[in-house]
Amino acid sequence: MSPATRRTRVLLHAVSAAAALFVLLTVSLTTGEMRIPALTALRALVGLGDAGDVLVVQQFRAPRSMAAIVGGAGLGVAGCVLQRLFRNPLASPDVMGVTGGASLGAVALIAAGASQTLIPLGALGGGLLSALLLGVFAWGSGLAVTRLVLTGLAVQAGLAAAVNLMIVRFPAELAGSALQWTTGSVYGRTWTDVWGAGGAMVLALAAAFVLHRRLAVLDLGDDSAGALGLNTAAARLQLLFLAVVLASLAAALAGPVTFVALAVPHIVRFVTGPPTAASLALAGLTGAVLLLASDLVVQHLLPIEGLPVGAVTATLGAPWLLVLMFRQSSPVKRSHA
(Lines give C-alpha, C1' and ligand atoms only; values in the text may rest on other atoms or scores of the structure.)
Protein backbone atom coordinates (compact mmCIF):
# COMPACT_ATOMS: atom_id res chain seq x y z
CA MET A 1 0.00 0.00 0.00
CA SER A 2 1.47 3.36 -1.01
CA PRO A 3 1.76 6.18 1.57
CA ALA A 4 -0.85 8.25 -0.28
CA THR A 5 -3.31 5.34 -0.29
CA ARG A 6 -2.67 4.70 3.39
CA ARG A 7 -3.30 8.35 4.28
CA THR A 8 -6.54 8.33 2.31
CA ARG A 9 -7.63 5.14 4.03
CA VAL A 10 -6.84 6.53 7.49
CA LEU A 11 -8.73 9.74 6.69
CA LEU A 12 -11.81 7.85 5.46
CA HIS A 13 -11.91 5.65 8.53
CA ALA A 14 -11.36 8.63 10.83
CA VAL A 15 -14.30 10.44 9.24
CA SER A 16 -16.41 7.26 9.54
CA ALA A 17 -15.46 6.86 13.20
CA ALA A 18 -16.28 10.51 13.92
CA ALA A 19 -19.66 10.14 12.21
CA ALA A 20 -20.38 6.97 14.20
CA LEU A 21 -19.42 8.77 17.39
CA PHE A 22 -21.81 11.63 16.59
CA VAL A 23 -24.65 9.17 15.93
CA LEU A 24 -23.97 7.28 19.17
CA LEU A 25 -23.82 10.53 21.14
CA THR A 26 -27.14 11.62 19.67
CA VAL A 27 -28.70 8.26 20.58
CA SER A 28 -27.36 8.52 24.12
CA LEU A 29 -28.88 11.98 24.54
CA THR A 30 -32.29 11.05 23.15
CA THR A 31 -33.02 7.63 24.66
CA GLY A 32 -33.98 6.72 28.20
CA GLU A 33 -37.05 6.71 30.40
CA MET A 34 -37.96 10.04 28.82
CA ARG A 35 -37.42 9.99 25.06
CA ILE A 36 -36.39 13.31 23.52
CA PRO A 37 -36.35 14.06 19.77
CA ALA A 38 -32.86 14.34 18.32
CA LEU A 39 -33.00 18.02 17.39
CA THR A 40 -34.56 18.89 20.74
CA ALA A 41 -31.81 16.99 22.57
CA LEU A 42 -29.05 18.71 20.60
CA ARG A 43 -30.60 22.12 21.31
CA ALA A 44 -30.93 21.21 25.00
CA LEU A 45 -27.25 20.27 25.03
CA VAL A 46 -26.37 23.93 24.42
CA GLY A 47 -29.01 25.18 26.87
CA LEU A 48 -31.86 25.91 24.47
CA GLY A 49 -35.45 24.73 24.73
CA ASP A 50 -37.61 23.37 27.56
CA ALA A 51 -36.02 23.57 31.03
CA GLY A 52 -36.86 19.92 31.74
CA ASP A 53 -35.16 18.74 28.57
CA VAL A 54 -32.10 20.89 29.32
CA LEU A 55 -31.89 19.42 32.84
CA VAL A 56 -32.10 15.81 31.65
CA VAL A 57 -29.64 16.24 28.79
CA GLN A 58 -27.08 18.53 30.41
CA GLN A 59 -27.00 17.12 33.93
CA PHE A 60 -27.65 13.41 33.49
CA ARG A 61 -27.07 12.12 29.96
CA ALA A 62 -24.34 14.34 28.54
CA PRO A 63 -21.79 13.93 31.39
CA ARG A 64 -22.13 10.14 31.26
CA SER A 65 -21.69 10.08 27.50
CA MET A 66 -18.72 12.44 27.56
CA ALA A 67 -17.07 10.37 30.29
CA ALA A 68 -17.35 7.32 28.03
CA ILE A 69 -15.98 9.25 25.04
CA VAL A 70 -13.00 10.74 26.87
CA GLY A 71 -12.24 7.54 28.75
CA GLY A 72 -12.45 5.43 25.61
CA ALA A 73 -10.14 7.78 23.72
CA GLY A 74 -7.55 7.60 26.48
CA LEU A 75 -7.69 3.82 26.64
CA GLY A 76 -7.37 3.50 22.86
CA VAL A 77 -4.25 5.65 22.66
CA ALA A 78 -2.73 4.09 25.80
CA GLY A 79 -3.18 0.61 24.32
CA CYS A 80 -1.50 1.63 21.06
CA VAL A 81 1.47 3.14 22.88
CA LEU A 82 1.93 0.12 25.16
CA GLN A 83 1.69 -2.50 22.41
CA ARG A 84 4.23 -0.68 20.26
CA LEU A 85 6.47 0.03 23.23
CA PHE A 86 6.57 -3.64 24.28
CA ARG A 87 6.24 -5.03 20.74
CA ASN A 88 3.59 -7.32 22.17
CA PRO A 89 -0.01 -7.53 20.87
CA LEU A 90 -1.21 -8.63 24.32
CA ALA A 91 0.13 -5.57 26.18
CA SER A 92 -2.49 -3.40 27.87
CA PRO A 93 -2.91 -1.29 31.03
CA ASP A 94 -4.02 -4.48 32.80
CA VAL A 95 -0.62 -6.06 32.16
CA MET A 96 1.22 -2.99 33.46
CA GLY A 97 -0.73 -2.86 36.71
CA VAL A 98 -2.49 0.43 35.94
CA THR A 99 -6.00 -0.95 36.45
CA GLY A 100 -4.95 -2.59 39.70
CA GLY A 101 -3.52 0.68 40.97
CA ALA A 102 -6.58 2.66 39.91
CA SER A 103 -8.86 0.17 41.65
CA LEU A 104 -6.78 0.29 44.83
CA GLY A 105 -6.87 4.10 44.94
CA ALA A 106 -10.63 4.25 44.40
CA VAL A 107 -11.46 1.44 46.83
CA ALA A 108 -9.24 2.99 49.51
CA LEU A 109 -11.24 6.24 49.29
CA ILE A 110 -14.52 4.32 49.36
CA ALA A 111 -13.32 2.58 52.52
CA ALA A 112 -12.42 5.95 54.04
CA GLY A 113 -15.94 7.23 53.35
CA ALA A 114 -14.71 9.95 51.01
CA SER A 115 -17.05 11.95 48.80
CA GLN A 116 -18.02 10.34 45.50
CA THR A 117 -16.38 13.24 43.66
CA LEU A 118 -12.98 12.34 45.16
CA ILE A 119 -13.01 8.71 44.02
CA PRO A 120 -11.78 9.48 40.46
CA LEU A 121 -8.84 11.35 42.01
CA GLY A 122 -8.05 8.25 44.03
CA ALA A 123 -8.10 6.19 40.85
CA LEU A 124 -5.70 8.59 39.16
CA GLY A 125 -3.37 8.54 42.15
CA GLY A 126 -3.48 4.74 42.31
CA GLY A 127 -2.61 4.41 38.63
CA LEU A 128 0.37 6.71 39.05
CA LEU A 129 1.43 4.72 42.12
CA SER A 130 1.48 1.56 40.02
CA ALA A 131 3.71 3.34 37.49
CA LEU A 132 6.09 4.35 40.28
CA LEU A 133 6.27 0.78 41.56
CA LEU A 134 6.84 -0.49 38.04
CA GLY A 135 9.66 1.98 37.43
CA VAL A 136 11.35 1.20 40.77
CA PHE A 137 11.25 -2.56 40.29
CA ALA A 138 12.28 -2.52 36.62
CA TRP A 139 14.87 0.27 36.70
CA GLY A 140 17.82 -2.03 37.42
CA SER A 141 17.35 -3.80 34.08
CA GLY A 142 17.49 -0.54 32.11
CA LEU A 143 13.71 -0.86 31.56
CA ALA A 144 14.15 -3.88 29.31
CA VAL A 145 10.90 -4.95 27.66
CA THR A 146 10.76 -8.46 29.15
CA ARG A 147 11.52 -7.18 32.65
CA LEU A 148 8.84 -4.50 32.36
CA VAL A 149 6.18 -6.99 31.33
CA LEU A 150 7.03 -9.46 34.10
CA THR A 151 7.22 -6.68 36.68
CA GLY A 152 3.90 -5.27 35.46
CA LEU A 153 2.20 -8.63 35.88
CA ALA A 154 3.59 -8.93 39.41
CA VAL A 155 2.46 -5.40 40.34
CA GLN A 156 -1.01 -6.03 38.88
CA ALA A 157 -1.39 -9.30 40.79
CA GLY A 158 -0.31 -7.71 44.07
CA LEU A 159 -2.59 -4.70 43.73
CA ALA A 160 -5.56 -6.86 42.67
CA ALA A 161 -5.04 -9.05 45.74
CA ALA A 162 -5.01 -5.95 47.97
CA VAL A 163 -8.25 -4.71 46.39
CA ASN A 164 -9.97 -8.08 46.86
CA LEU A 165 -8.86 -8.21 50.50
CA MET A 166 -10.26 -4.75 51.15
CA ILE A 167 -13.59 -5.59 49.51
CA VAL A 168 -13.93 -8.79 51.54
CA ARG A 169 -13.36 -6.80 54.74
CA PHE A 170 -15.86 -4.09 53.80
CA PRO A 171 -19.33 -3.80 55.33
CA ALA A 172 -21.99 -5.07 52.92
CA GLU A 173 -23.17 -1.59 51.92
CA LEU A 174 -19.66 -0.53 50.90
CA ALA A 175 -18.68 -3.81 49.25
CA GLY A 176 -21.39 -3.49 46.58
CA SER A 177 -20.32 0.05 45.68
CA ALA A 178 -16.64 -0.90 45.58
CA LEU A 179 -17.28 -4.00 43.50
CA GLN A 180 -19.31 -2.04 40.94
CA TRP A 181 -16.59 0.58 40.61
CA THR A 182 -13.83 -1.98 40.14
CA THR A 183 -15.81 -3.53 37.27
CA GLY A 184 -15.86 -0.22 35.40
CA SER A 185 -18.78 2.19 35.12
CA VAL A 186 -19.59 5.70 33.90
CA TYR A 187 -22.81 5.88 35.91
CA GLY A 188 -23.23 9.07 37.93
CA ARG A 189 -20.42 11.02 36.31
CA THR A 190 -20.70 14.80 36.60
CA TRP A 191 -19.34 17.70 34.59
CA THR A 192 -16.80 18.26 37.35
CA ASP A 193 -15.41 14.77 36.70
CA VAL A 194 -15.46 15.26 32.95
CA TRP A 195 -13.83 18.68 32.90
CA GLY A 196 -11.14 17.72 35.40
CA ALA A 197 -10.05 14.44 33.83
CA GLY A 198 -10.93 15.63 30.31
CA GLY A 199 -8.69 18.68 30.49
CA ALA A 200 -5.78 16.57 31.70
CA MET A 201 -6.57 13.99 28.99
CA VAL A 202 -6.28 16.63 26.25
CA LEU A 203 -2.80 17.53 27.49
CA ALA A 204 -1.78 13.87 27.68
CA LEU A 205 -3.07 13.17 24.17
CA ALA A 206 -1.16 16.18 22.87
CA ALA A 207 1.97 14.79 24.55
CA ALA A 208 1.37 11.44 22.81
CA PHE A 209 1.55 13.13 19.41
CA VAL A 210 4.65 15.09 20.41
CA LEU A 211 6.41 11.91 21.58
CA HIS A 212 5.29 9.82 18.61
CA ARG A 213 8.59 10.39 16.81
CA ARG A 214 10.44 8.71 19.69
CA LEU A 215 8.03 5.82 19.57
CA ALA A 216 8.62 5.47 15.83
CA VAL A 217 12.40 5.38 16.41
CA LEU A 218 11.97 2.70 19.09
CA ASP A 219 10.04 0.64 16.53
CA LEU A 220 13.37 0.17 14.74
CA GLY A 221 14.84 -1.70 17.72
CA ASP A 222 17.02 -0.57 20.59
CA ASP A 223 20.29 -0.94 18.70
CA SER A 224 19.12 1.12 15.73
CA ALA A 225 17.44 3.69 18.00
CA GLY A 226 20.65 4.07 20.00
CA ALA A 227 22.67 4.48 16.80
CA LEU A 228 20.33 7.34 15.85
CA GLY A 229 21.16 9.09 19.13
CA LEU A 230 18.04 8.21 21.13
CA ASN A 231 18.41 7.39 24.81
CA THR A 232 16.21 4.29 24.68
CA ALA A 233 15.79 3.85 28.45
CA ALA A 234 14.71 7.48 28.94
CA ALA A 235 12.42 7.41 25.90
CA ARG A 236 10.81 4.17 27.04
CA LEU A 237 10.27 5.58 30.53
CA GLN A 238 8.65 8.74 29.13
CA LEU A 239 6.32 6.76 26.88
CA LEU A 240 5.47 4.31 29.63
CA PHE A 241 4.63 7.15 32.01
CA LEU A 242 2.48 8.77 29.30
CA ALA A 243 0.55 5.55 28.69
CA VAL A 244 0.01 5.14 32.43
CA VAL A 245 -1.29 8.70 32.74
CA LEU A 246 -3.70 8.15 29.84
CA ALA A 247 -4.99 4.87 31.29
CA SER A 248 -5.22 6.35 34.81
CA LEU A 249 -7.23 9.33 33.60
CA ALA A 250 -9.52 6.95 31.73
CA ALA A 251 -9.90 4.87 34.89
CA ALA A 252 -10.69 8.04 36.84
CA LEU A 253 -13.67 8.58 34.53
CA ALA A 254 -14.85 5.07 33.72
CA GLY A 255 -13.21 2.79 36.25
CA PRO A 256 -10.80 0.00 35.29
CA VAL A 257 -12.56 -0.92 32.03
CA THR A 258 -10.99 -3.90 30.29
CA PHE A 259 -10.79 -4.96 26.60
CA VAL A 260 -10.86 -1.46 25.04
CA ALA A 261 -7.12 -0.79 25.33
CA LEU A 262 -6.39 -4.35 24.19
CA ALA A 263 -8.67 -4.40 21.15
CA VAL A 264 -8.33 -0.91 19.71
CA PRO A 265 -4.69 -1.23 18.53
CA HIS A 266 -5.57 -4.42 16.61
CA ILE A 267 -8.56 -2.75 14.96
CA VAL A 268 -6.45 0.25 13.96
CA ARG A 269 -3.63 -1.93 12.58
CA PHE A 270 -6.15 -3.89 10.53
CA VAL A 271 -7.51 -0.65 9.09
CA THR A 272 -4.35 1.39 8.57
CA GLY A 273 -1.46 -1.05 8.40
CA PRO A 274 1.88 0.20 9.81
CA PRO A 275 1.38 2.70 12.65
CA THR A 276 1.70 6.44 12.12
CA ALA A 277 0.86 9.56 14.10
CA ALA A 278 -2.52 9.60 12.33
CA SER A 279 -3.24 6.09 13.58
CA LEU A 280 -3.03 7.43 17.15
CA ALA A 281 -5.87 9.83 16.37
CA LEU A 282 -7.87 6.98 14.85
CA ALA A 283 -7.17 4.90 17.96
CA GLY A 284 -8.64 7.63 20.13
CA LEU A 285 -11.78 7.83 18.00
CA THR A 286 -12.13 4.04 17.89
CA GLY A 287 -11.77 3.75 21.66
CA ALA A 288 -14.41 6.44 22.19
CA VAL A 289 -16.83 4.69 19.82
CA LEU A 290 -16.25 1.30 21.45
CA LEU A 291 -16.78 2.47 25.04
CA LEU A 292 -19.79 4.67 24.27
CA ALA A 293 -21.41 1.87 22.25
CA SER A 294 -20.81 -0.57 25.13
CA ASP A 295 -22.42 1.86 27.58
CA LEU A 296 -25.47 2.20 25.33
CA VAL A 297 -25.76 -1.59 25.27
CA VAL A 298 -25.68 -1.60 29.08
CA GLN A 299 -28.33 1.10 29.36
CA HIS A 300 -30.83 0.06 26.73
CA LEU A 301 -30.29 -3.44 25.33
CA LEU A 302 -29.64 -5.59 28.39
CA PRO A 303 -32.43 -6.55 30.80
CA ILE A 304 -30.22 -6.20 33.90
CA GLU A 305 -30.54 -2.75 35.43
CA GLY A 306 -27.40 -1.13 36.84
CA LEU A 307 -24.96 -3.41 35.03
CA PRO A 308 -21.54 -1.70 34.76
CA VAL A 309 -20.13 -1.07 31.30
CA GLY A 310 -17.03 -3.05 32.27
CA ALA A 311 -19.14 -6.20 32.36
CA VAL A 312 -19.91 -5.81 28.65
CA THR A 313 -16.34 -5.01 27.65
CA ALA A 314 -15.01 -7.92 29.73
CA THR A 315 -17.51 -10.28 28.07
CA LEU A 316 -16.28 -9.14 24.67
CA GLY A 317 -12.65 -9.20 25.77
CA ALA A 318 -12.48 -12.79 27.00
CA PRO A 319 -13.01 -14.47 23.61
CA TRP A 320 -10.91 -11.77 21.92
CA LEU A 321 -8.01 -12.53 24.26
CA LEU A 322 -8.34 -16.26 23.61
CA VAL A 323 -8.20 -15.68 19.85
CA LEU A 324 -5.12 -13.47 20.21
CA MET A 325 -3.37 -16.03 22.39
CA PHE A 326 -4.21 -18.78 19.92
CA ARG A 327 -2.80 -16.74 17.04
CA GLN A 328 0.33 -15.96 19.03
CA SER A 329 0.91 -19.63 19.86
CA SER A 330 0.22 -20.89 16.31
CA PRO A 331 3.35 -21.81 14.36
CA VAL A 332 4.40 -19.20 11.82
CA LYS A 333 4.40 -20.43 8.29
CA ARG A 334 7.56 -19.37 6.59
CA SER A 335 7.75 -19.01 2.85
CA HIS A 336 10.88 -20.24 1.07
CA ALA A 337 12.09 -18.55 -2.05
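This write-up is about the structure you can find in this document. Worth saying up front: this structure is predicted, and the values here are computed from it rather than measured. (Residues numbered from 1 in each chain as written. Predicted model: local features only at pLDDT ≥ 70, side-chain atom pairs only at ≥ 80, totals over all residues. Heavy atoms only, no water.)

With respect to the overall build of the protein chain
Looking only at helices and strands, the protein chain features 14 helices and zero strands. Its helices and strands taken in sequence order, the protein chain reads α-α-α-α-α-α-α-α-α-α-α-α-α-α from the N to the C terminus. The buried share of the protein chain, taken over its 337 residues, is 48%. Contacts spanning at least 24 positions in sequence make up 75% of the contacts within the protein chain whose residues lie at least 6 apart. Per element, the accessible surface of the protein chain, about 16100 Å² overall, is 69% carbon and sulfur. (Helix = DSSP H or I, 4+ residues; strand = E, 2+ residues; numbered from the N terminus. Buried < 20%, exposed > 50% of the residue type's maximum accessible area, 1.4 Å probe, protein only. Contact = heavy atoms within 4.5 Å. Areas by Shrake-Rupley, 256 points an atom, 1.4 Å probe, with all protein chains shown as cover.)

Quick notes on unusual backbone geometry
Even without a glycine there, the phi angle at Phe259 is positive, about 80°. On the basis of relative accessible area, Phe259 is assigned to the buried category, the value being 9%.

Section: the nonpolar core
Side chains of nonpolar character tend, in soluble globular proteins, to be buried together. Counting 74 residues, the largest nonpolar core has Phe86, Met96 and Leu240 as its most contacted members. A per-element tally of this core places helix H3 (residues 51-86) first, with 16 residues. Judged by nonpolar contacts, the second largest core, of 17 residues, contains Leu104, Leu159, Ala178 and Ala251. (Core = buried A, V, L, I, M, F, W, Y, C linked by side-chain atoms within 4.5 Å.)

Points about the side chain of Thr272
When you line up the elements, Thr272 lands in helix H12 (residues 260-272). A relative accessible area of 1% means that Thr272 is categorised as buried. Not counting chain neighbours up to four residues away, the residues in contact with Thr272 comprise Arg6, Val10, Ser279 and Leu282.

Quick notes on the packing of helix H2 (residues 38-45) against H3
Two elements in contact, H2 and H3, have axes whose closest approach is 8 Å; the angle formed by their N-to-C orientations is 75°. Relative to H3, H2 is oriented roughly perpendicular. Residue-level inspection shows Thr40, Ala41, Ala44 and Leu45 of H2 in contact with H3, the latter providing Asp53, Val54, Val57, Gln58 and Ala62. Residue composition of the contact of H2 with H3, by class: six nonpolar, two polar and one charged. (Axes fitted to C-alpha atoms, helices over the stretch in contact; angles between N-to-C directions. Parallel < 35°, antiparallel > 145°, perpendicular 65-115°, else oblique. Nonpolar A, V, L, I, M, F, W, Y, C, P; charged D, E, K, R; others polar.)

Some remarks on the pattern of salt bridges
Here the structure, examined in full by the defined rule, presents two salt bridges. In this structure, Arg64 and Asp295 form a salt bridge, with 2.9 Å as the shortest nitrogen-oxygen distance. With Arg64 in helix H3 and Asp295 in helix H13 (residues 277-301), this pair connects stretches of sequence that are 231 residues apart. In this structure Arg64 comes out as buried when scored by relative accessible area, which is 14%. (Salt bridge = Lys/Arg side-chain N within 4 Å of Asp/Glu carboxyl O.)

A short note on a nonpolar patch on the surface
Among the surface-exposed residues, Leu129, Leu132, Val136 and Phe137 lie close enough to one another that they form a single nonpolar patch of about 390 Å² accessible area. Inspection of the secondary structure puts Phe137 in helix H5 (residues 119-138). The class for Phe137 is partly exposed, based on a relative accessible area of 46%. (Patch = residues over 30% accessible without salt bridge, like charges linked within 9 Å, V, L, I, M, F, W, Y side chains within 5 Å.)

Overview of the environment of Ser130
By the element assignment, Ser130 lies in helix H5. When its relative accessible area of 1% is taken as the criterion, Ser130 is described as buried. Considered as a pair, Ser130 and Val155 are 25 residues apart in the sequence and their alpha carbons are 7.0 Å apart. Once you skip the residues sitting within four places of it in the chain, Ser130 turns out to touch Gly97, Val98, Gly101, Val155 and Leu159.

As for the side chain of Ser130
Engagement of the side chain of Ser130 in a polar contact is seen with the backbone oxygen of Gly97, the distance being 3.4 Å. Side-chain polar atoms of Ser130 contact the backbone oxygen of Gly127, separated by 2.5 Å. (Polar contact = N/O pair within 3.5 Å; in protein donor to acceptor, adjacent residues only side chain to side chain.)

Considering helix H4 (residues 98-111)
Between its first and last C-alpha atoms H4 spans 20 Å; for 14 residues at 1.5 Å apiece the expected length is 20 Å, and the two agree. What H4 keeps buried is the set Val98, Thr99, Gly100, Gly101, Ala102, Ser103, Leu104, Gly105, Ala106, Val107 and Ile110. (Expected span 1.5 Å × (residues − 1).)

Regarding the environment of Thr5
Tracing the backbone through its elements, the reader meets Thr5 in helix H1 (residues 3-30). Classification of Thr5 as partly exposed rests on a relative accessible area of 44%. Considering only alpha carbons, one finds Thr5 and Thr272, 267 residues apart in sequence, at a separation of 9.7 Å.

Function cannot be inferred from these measures alone, as they are strictly geometric.
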